[in-house]
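Structural overview
Next come the chains, spelled out residue by residue.
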Amino acid sequence: MKKLKKIFVEISGCCNLKCEFCPAAQVKTRPFMSPTLFEKIIKESKDLTERHCLHVLGEPLLHPQLQTILKIADQYKIQLEITSNGLLLQEHLPLLASCESLIQLNISLHSLTSNLGLEKTLEHIRTIIPSLEVLLDRSPKLFINLRFWRQDKEDNTLLEELLKLYEGEQFIQKEKNLRLRPRLLIHFEKTFEWPHLNAPIRSEKGYCHALSSHFGILSNGTVIPCCLDGHGDIALGNAEQESIEEILQTPRAKKMREQFNKGLLVEELCKRCQYIERFEK
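Below, the structure is looked at part by part.

Considerations on the sheet that holds strand β1 (residues 4-9)
- Taken together, eleven strands build an open sheet; the order of strands is β6-β7-β8-β5-β4-β3-β2-β1-β9-β10-β11 and the sheet is mixed. Among the strands making up the open sheet, the edge pair consists of β6 (172-173) and β11 (237-238).
- Taken strand by strand, helix α1 (residues 35-45) contacts β1, β2 (49-54) and β9 (214-217), and its axis lies near 160° from that of β2.

A few points about the packing of aromatic side chains
- Tallied over the full model, the rule gives three aromatic pairs.
- Ring geometry for Phe192 and Trp194: centres 6.1 Å apart, planes at 35°, overall tilted.
- A relative accessible area of 14% means that Trp194 is categorised as buried.
- Relative to Phe279, the ring of Tyr275 lies with its centre 5.9 Å away and its plane at 70°, an arrangement referred to as edge-to-face.
- Assessed through its relative accessible area of 24%, Tyr275 is described here as partly exposed.
- Put simply, the rings of Phe192, Trp194, Tyr275 and Phe279 pair up and form one aromatic cluster.

As for unusual backbone geometry
- Despite not being glycine, Lys77 shows a phi value in the positive range, around 55°.
- Within the secondary structure, Lys77 sits in the loop between α2 (66-75) and β3 (80-84).

What about α1?
- Among all positions in α1, only Pro35, Leu37, Phe38, Ile41, Ile42 and Ser45 are buried. When α1 is viewed along its axis, its buried side chains cluster within an angular range of 160° and face the same direction. For α1, exposure combined with an orientation more than 90 degrees from the buried face picks out Thr36 and Lys43.
- Packed against the buried residues of α1 are β1, β2, α2, β9 and α7 (244-248).

What counts, and at which threshold
- Residues numbered from 1 in each chain as written.
- Predicted model: local features only at pLDDT ≥ 70, side-chain atom pairs only at ≥ 80, totals over all residues.
- Heavy atoms only, no water.
- Pairing = 2+ DSSP bridges.
- Helix = DSSP H or I, 4+ residues; strand = E, 2+ residues; numbered from the N terminus.
- Contact = heavy atoms within 4.5 Å.
- Axes fitted to C-alpha atoms, helices over the stretch in contact; angles between N-to-C directions.
- Phe/Tyr/Trp six-rings, centres within 6.5 Å; stacked < 30°, edge-to-face > 60°.
- Buried < 20%, exposed > 50% of the residue type's maximum accessible area, 1.4 Å probe, protein only.
- Arc of directions from axis to C-beta.

Below is the structure:
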């Protein structure tokens, strides 16, 4: 099997925010992934992918055994990416700064204003910037993305504040990102609606990178074809009970890959996915 770009591993099934764009509030709370299951996943998948990303739903920094999780990542010398809302960044700064596996940290700033309000979000950004600088200074291979995926009036205010904080730096603007300083970028993207089975069918035709460049594993061990299947509607197997390679070679997984390559969508959730429009030529 061709090496994947990324495996999404959800270590926390709960979050400390309730965001209007996120389906976590509609999903039954899942348990934290046990370090035992996490190690099994990493051991079985470390040669299958270029990196592991702690993300699907939930806030990974809430995990009560985060230190053990990060030690396992270091033990197997994987390349680790973490997506967080950043509220617990300062609390876990020593852990993150000492994690040799961590190569990318994504902070979802677009999740904050609807939860904290504009003024508290601005205060939070001013507070975490020194922590981000500590991480960048201690790890020369680390990249940090500050995500702005909503881009409304309040996000524009946050953006202006960030530019003020890095006034004097040589900004580099590209299509989807703005470099504030080396290895610290603002990442822009369009918002999208998470797919769900109650949505109308969008199309039965389309292509997706699921299972060819990535797949995901929920905190209860359920293996899913992509990170947008937060409900686990396309459960391909369970990593706690089966090997990952066996799960990826099940008839259902094989059929999905084969039909994607033919431009066909066989799963009901895929037929309702708007994100797939980004892959249309």
